[in-house]
Amino acid sequence: MIHPNLLIILNMNMSTRNIHLTNPLAMARVFKQLNHQHTNIAFLEHTDFEIRYNVINSPDQEYKEPEGFPYCCTVHERIVEDVQQHISIFPKCCAQHAKLEGQAWFDKLNYMGLPLHTAKAVHFTEYQILNKVNVDDWYEEITQFIEYCIYSFGQFPAGFGPPLGLEDYLVFSKWIIKNNSGKVQYPKDRMTTILNYLEGYSEPNTEVKQADLNILINQYEKWLKLFPFDIPYFSPLKNQFSGIYPILNGESSFNKFLGTQKSSLITYSKLIDVLVTITKKILSSYSAYQLFQEGKLTDLEQKQLDLAGSLRRLQLDQMREEISSDQKKYIKVIKRWLKDEQSYLSEIAPILARSQQYTAFLKE
Ligand SMILES: [Zn+2]
Ligand SMILES: [Zn+2]
């Protein structure tokens, strides 16, 4: 619901995030991907893992837990009671959670600590809001901490409903803001902005489109296949491009509480634009004309064979595989380049041959 898919970058420490695979075959698939594709990116589908709630820490060292917490006041007692109430009927509470029953990996005992966890999250959030609402970077300080709390509730595999306890966290945090919003020391506009931020998480999330990441990766791999890396000049670049996946948005934000960099996936049409740009950039880095200018144009026949081979390979790939109209955008660029190179070489080859014969004749 929150993490669309989990990108596994090699050497990521899974245990720290309390991730549990619900489909053991998925991990085998990930390792297979990493071994066979020589890439450093692989992913688990949102359906294949659960993230259990994990320990949260207070926003800073100055935070002091109230004495007797969470039985210190009616608010915190109430949070514990409400979450306990939810757990008592869980997973029969709603249709989505009901599906958890009978899953081999599901054990209700794993969620018994949630009442205290939720009370802590709400109190930490209250502390952070009231403490930071008047500082310069109030928005980042507060929303990043809220995000950290929200992530701490983990997630069920896709289709199994929202994380348990999260709704209680949101309800009580909003209540606390509304309760303090009228007070002079807490600017109303800022409090309203934070409230709206929390509201954004309360709205029912549409199921993440899992296909997105797959589509982007497949698109990129198709480009790797179609680009004329078989031309000797470009072949060293193939490894370099196999290791990158330009599927994340450039602008990413760092959450200091989570310690993670967050990036969103680029859109499908953006990826196509990127591929067209990369294609043009690589192709323009090399031409027979440039080599000629630099006096380095040799092995004309071999170069002509390379070009003809590359063009034919591309035509055959195009015939064999389904090519979408979007892929045609960069294929057109590639074909154009190959044909232009061919015609340039065939135009100058006889001239060069004649002048070489002439030079040879003069030397005799
Ligand atoms: Zn209390
Ligand atoms: Zn439920």
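Residues numbered from 1 in each chain as written. Chains lettered and ligands numbered in written order. Predicted model: local features only at pLDDT ≥ 70, side-chain atom pairs only at ≥ 80, totals over all residues. Heavy atoms only, no water.

## Brief notes about empty space enclosed by the protein
Which parts of space are left empty comes out when a probe the size of a water molecule is rolled across the atoms.
Logical step 1: Enumeration over the complete set of coordinates arrives at one cavity of 30 Å³ or more.
Logical step 2: What the largest cavity holds in volume is close to 60 Å³.
Logical step 3: Forming the walls of the largest cavity are Glu50, Ile51, Arg52, Tyr53, Tyr111, Leu114, Phe153, Gln155, Phe156, Pro163 and Leu164.
Logical step 4: Across the lining of the largest cavity, the residue classes tally to eight nonpolar, one polar and two charged. (1 Å grid on protein atoms, 1.4 Å probe; cavity = no way out; pocket = protein on both sides within 12 Å on 5 of 7 lines; lining within 4 Å. Points joined across faces, edges and corners; volume = space filled by probe spheres on them. Nonpolar A, V, L, I, M, F, W, Y, C, P; charged D, E, K, R; others polar.)

## Considering the coordination of the zinc ion (ligand 2)
Logical step 1: Donor atoms from the polypeptide that bind the zinc ion (ligand 2) are Cys93 (SG), Cys94 (SG) and His97 (ND1), placed at 2.1 to 2.3 Å.
Logical step 2: Taken in sequence order, the residues that donate to the zinc ion (ligand 2) follow the motif C-C-x2-H.
Logical step 3: Take Cys93: its relative accessible area is 34%, and that puts it in the partly exposed class.
Logical step 4: A relative accessible area of 5% places His97 in the buried class. (Donors = N, O, S within 2.8 Å, 3.2 Å for Na, K, Ca; no water. Buried < 20%, exposed > 50% of the residue type's maximum accessible area, 1.4 Å probe, protein only.)

## A word on the layout of surface pockets
Logical step 1: Put simply, the second largest pocket is a space of about 240 Å³.
Logical step 2: Surrounding the second largest pocket, 16 residues form its lining, His97, Pro162, Pro163, Leu164 and Glu167 being those nearest its centre.
Logical step 3: Elements with a minimum of two residues in the lining of the second largest pocket: α2 (74–89), α6 (166–180) and α7 (188–202).
Logical step 4: Broken down by element, the residue count for the lining of the second largest pocket peaks at four residues, all from α6.
Logical step 5: Here the lining of the second largest pocket is composed, by residue class, of 10 nonpolar, four polar and two charged. (Helix = DSSP H or I, 4+ residues; strand = E, 2+ residues; numbered from the N terminus.)

## Some words on the confidence of the model for the protein
Logical step 1: In this model, the protein carries an average pLDDT of 84, and 84% of its residues clear a pLDDT of 70 or more.
Logical step 2: Confidence, read as mean pLDDT per element, is least for strand β1 (residues 6–9) in the protein (45) and greatest for helix α4 (residues 114–132) (97).
Logical step 3: This model gives residues 1–16 a pLDDT under 50, and the stretch forms 47 contacts once residues within four places in sequence are excluded.
Logical step 4: Long-range and interchain partners of residues 206–211, a stretch whose pLDDT sits below 50, account for 11 contacts in this model, where long-range means more than four residues apart. (pLDDT = per-residue confidence, 0-100. Contact = heavy atoms within 4.5 Å.)

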